[in-house]
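Architecture and fold: a report
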Amino acid sequence: MTEKSTPYQGKSEHLVSFAVEIVIARGKALTPGRTVDRSIVGLTIGSNTAAVTTFAMEIVPIKDRAFAMFVINVWYVLGGCYVYAMGLIFMNQFGWRVIVLLTAVPTVVSCLSSCFILESPRYLFVCGRMSELSDTLARMFKMNDKVLPKYNLGEHVEESRGSIPEIFEGDYFRITILLAQAFTINAFIEYGAALLLPDMFVYDYCSDTSLFDDDNSCYMSNSEYLYMLLIGSVSLPAVLVAYLTCDKFGRIRTMLFSGAVTLVGLIMLLICINMYVLVGEAAIVVFFSVLQNCALWLYLPESYPTYVRNAAVGVVNGVGKLGAALGSLITEIVAGSSIRACLTLYVCLTAYQLVCIYLMKRDTVGLRLDDTRAAARERSQSQAQETG
């Protein structure tokens, strides 16, 4: 999850990640004891998530950024629903090998689709690859049945690509720290809740009695797969709402509102009345946590100029994945002794995350994406003069 070097930006990075996932990891990912193989799958998935987001933000117009993120998140949610649907239908009848093959199908399709993706013009400009930039712009206009106007790219400013230390310097230090904490907490709760909520449903959390027979299987039961499929279904309208609210009310307000409702939902889960109410409360938590996650992913790449955007998205997303690992581990440990203690931890983390989001302050709706250090410095000075 680090900065991408020049040869592996855009479609090249996608192809490398997908190839690794298909050829090296997919055949062995779920084999017992294959921790390294599963780690490789996690690495490639995380890499592609960050790359797709950054790439989309750099090639779409300002007014279409929220829509681009909406499309990405819809496919992300559909992918999760696909996995749980395959598990519901095939896992307990045919075992994990069939699931591995079935879940590899979308990966192969994505790999083939990446061959037709054009490189990011912003990235080509920053790297000084002007002839490739001209060809890419010409192809983009042709694909959209538009006439490429005469333009002057000007002199390319020779400068090194952004590095990881730069996102912890000057104006970027504060936003990087805040985003890293927000992403970590979001991933902590998302992955932890994925383990916790099915248990709260299958084993009656309100009365501490089992709702289903426990067959001691090492796989999830069909009822657990069905429940997670329903959670994925709740996520779809959340993605649509994120698209509608992020542009109208702003990224920060959307994150604050969705985080506040998630906090209320978690508190309500602590006060369990019956299983029907529990399922409704869980749906509220999932819906608004997904809404907040969509806004976070839109806000992240918009907060940095092109020369350092890849490094920033990689680092923040990488730290967030650490939160996902910790969330899964700590949820297993804490929920084993007390589900309410686990929910209390989620409540405290969500409250702290709201503080981090509030401190971000600057919204990015309609913000022009700077490409070089000089452009970023000029905009920063202009903003300082306006506020001064």
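Sequence order sets the numbering: in each chain, residues are counted from 1 along the sequence as written. Where totals are concerned, whole chains, interfaces and linings use all residues; where local detail is concerned, this predicted model gives features only for residues with pLDDT of at least 70, and gives and counts side-chain atom pairs only at 80 or more. The basis for the side-chain values is all heavy atoms of the structure; hydrogens and waters are excluded.

1. Topic: the pattern of salt bridges
Any Lys or Arg side-chain nitrogen found within 4 Å of a carboxyl oxygen on Asp or Glu counts as a salt bridge. Inspection of the entire model under this criterion finds five salt bridges. A salt bridge links R65 to E302; its shortest N-O distance comes to 3.1 Å. Placement of the pair is R65 in helix α3 (residues 65-94) and E302 in helix α10 (residues 275-302), with a sequence separation of 237 residues. For the pair shown, R65 and E302 are each scored as buried. The salt bridge partner of R129 is E132, with a shortest N-O separation of 3.1 Å. Remark: exposure states derive from per-residue accessible area (1.4 Å probe, protein chains only) relative to the maximum for the residue type, with buried under 20%, exposed over 50%, and partly exposed in between. Residue classification places R129 among the partly exposed residues on the basis of a relative accessible area of 21%. Here the salt bridges do not stand alone but share partners, grouping R65, D247, R251 and E302 into one network. A run of H or I in DSSP counts as a helix once it spans at least four residues, and a run of E counts as a strand once it spans at least two, with each numbered from the N terminus.

2. A look at the nonpolar core
By nonpolar core is meant a set of buried Ala, Val, Leu, Ile, Met, Phe, Trp, Tyr and Cys residues that side-chain atoms within 4.5 Å join together. Counting 44 residues, the largest nonpolar core has L197, M200, V239, L266, L269, L343 and Y346 as the members making the most contacts within it. Sorting the residues of this core by element identifies α3, α4 (96-114), α7 (171-202), α8 (222-249), α9 (251-270), α10 and α12 (339-360) as the ones contributing at least two each. Ranked by residue count, the leading element in this core is α10, at nine residues. Membership of the second largest hydrophobic core comes to 35 residues, among which are A56, I167, A312 and V316.

3. Thoughts on empty space enclosed by the protein
Using a 1 Å grid laid over the protein atoms alone, points where a 1.4 Å probe fits but cannot get out form a cavity; open sets with protein on both sides within 12 Å along at least 5 of 7 lines form a pocket; any residue with an atom within 4 Å of a point counts as lining. Grid points are joined across faces, edges and corners, and a volume is the space filled by probe spheres set on the points. Overall, the coordinates contain three cavities of 30 Å³ or more when judged by the stated rule. Around the largest cavity sit A66, M69, F70, N73, V239, A242, Y243, C246, C294, A295 and L298, which together line it. When residues of the lining of the largest cavity are traced back to their parent elements, those giving at least two are α3, α8 and α10. Looking at the lining of the largest cavity residue by residue, the class counts come to 10 nonpolar, one polar and no charged. We call Asp, Glu, Lys and Arg charged. Ala, Val, Leu, Ile, Met, Phe, Trp, Tyr, Cys and Pro are nonpolar, and the rest, Gly among them, are polar.

4. Points about the packing of aromatic side chains
Aromatic ring pairs: the centre-centre distance and the angle between the two ring planes describe each pair. Geometry of aromatic contacts follows a simple scheme: Phe, Tyr and Trp rings, the Trp one being its six-membered ring, pair when their centres are within 6.5 Å, and the pair is stacked under 30 degrees between planes, edge-to-face over 60, tilted otherwise. Under the definition given, this model contains nine aromatic pairs. The interplanar angle of 70° and the centroid separation of 5.0 Å between the aromatic rings of F287 and F288 together place this pair among those described as edge-to-face. Accessibility expressed as a relative area gives 16% for F287, which makes it buried. Residue F288 is classed as buried on the basis of its relative accessible area, which comes to 16%. Here the aromatic residues F67, F70 and Y243 are joined through ring pairs into a cluster of three or more.

5. What about the packing of α3 against α4?
To get an axis, a line is fitted to the C-alpha atoms, and for a helix only the part in contact is used. The angle between two axes follows their N-to-C directions and goes from 0 to 180 degrees. Packing of α3 against α4 leaves a shortest axis separation of 8 Å and a crossing angle of 155°. Taken together, the axes of α3 and α4 are roughly antiparallel relative to one another. Seen along the crossing, α3 lies across α4 with a hand that is right-handed. Each of Y82, V83, M86, G87, F90, M91 and F94 in α3 lies in contact with α4, whose residues at this interface are W96, V98, I99, L102, T103, V105 and P106. Considered class by class, the residues forming the contact of α3 with α4 number 12 nonpolar, two polar and no charged. Working rule for angles: under 35 degrees goes down as roughly parallel, over 145 as roughly antiparallel, 65 to 115 as roughly perpendicular, anything else as oblique. Handedness of each helix crossing follows the sense of rotation of the near helix against the far helix: counterclockwise by less than a right angle gives left-handed, clockwise gives right-handed. Only heavy atoms matter for contacts: two residues are in contact if any of them lie within 4.5 Å across the pair.

6. A closer look at α3
In a helix, the anticipated span is given by 1.5 Å times the number of residues less one. Between its first and last C-alpha atoms α3 spans 42 Å; for 30 residues at 1.5 Å apiece the expected length is 44 Å, and the two agree. Here the bend at each residue means the angle between axes fitted to two seven-residue stretches, the one ending at that residue and the one beginning there. A maximum bend of about 40° is found in α3 at G87. The positive-phi residue at the C-terminal boundary of α3 is G95, with phi of around 90°.

7. Quick word on the environment of V290
As for its position among the elements, V290 is in helix α10. With 104 residues separating them along the chain, V290 and N186 place their C-alpha atoms 9.2 Å apart. V290 has contacts with S235, A238 and V239, leaving out every residue within four places of it along the chain.

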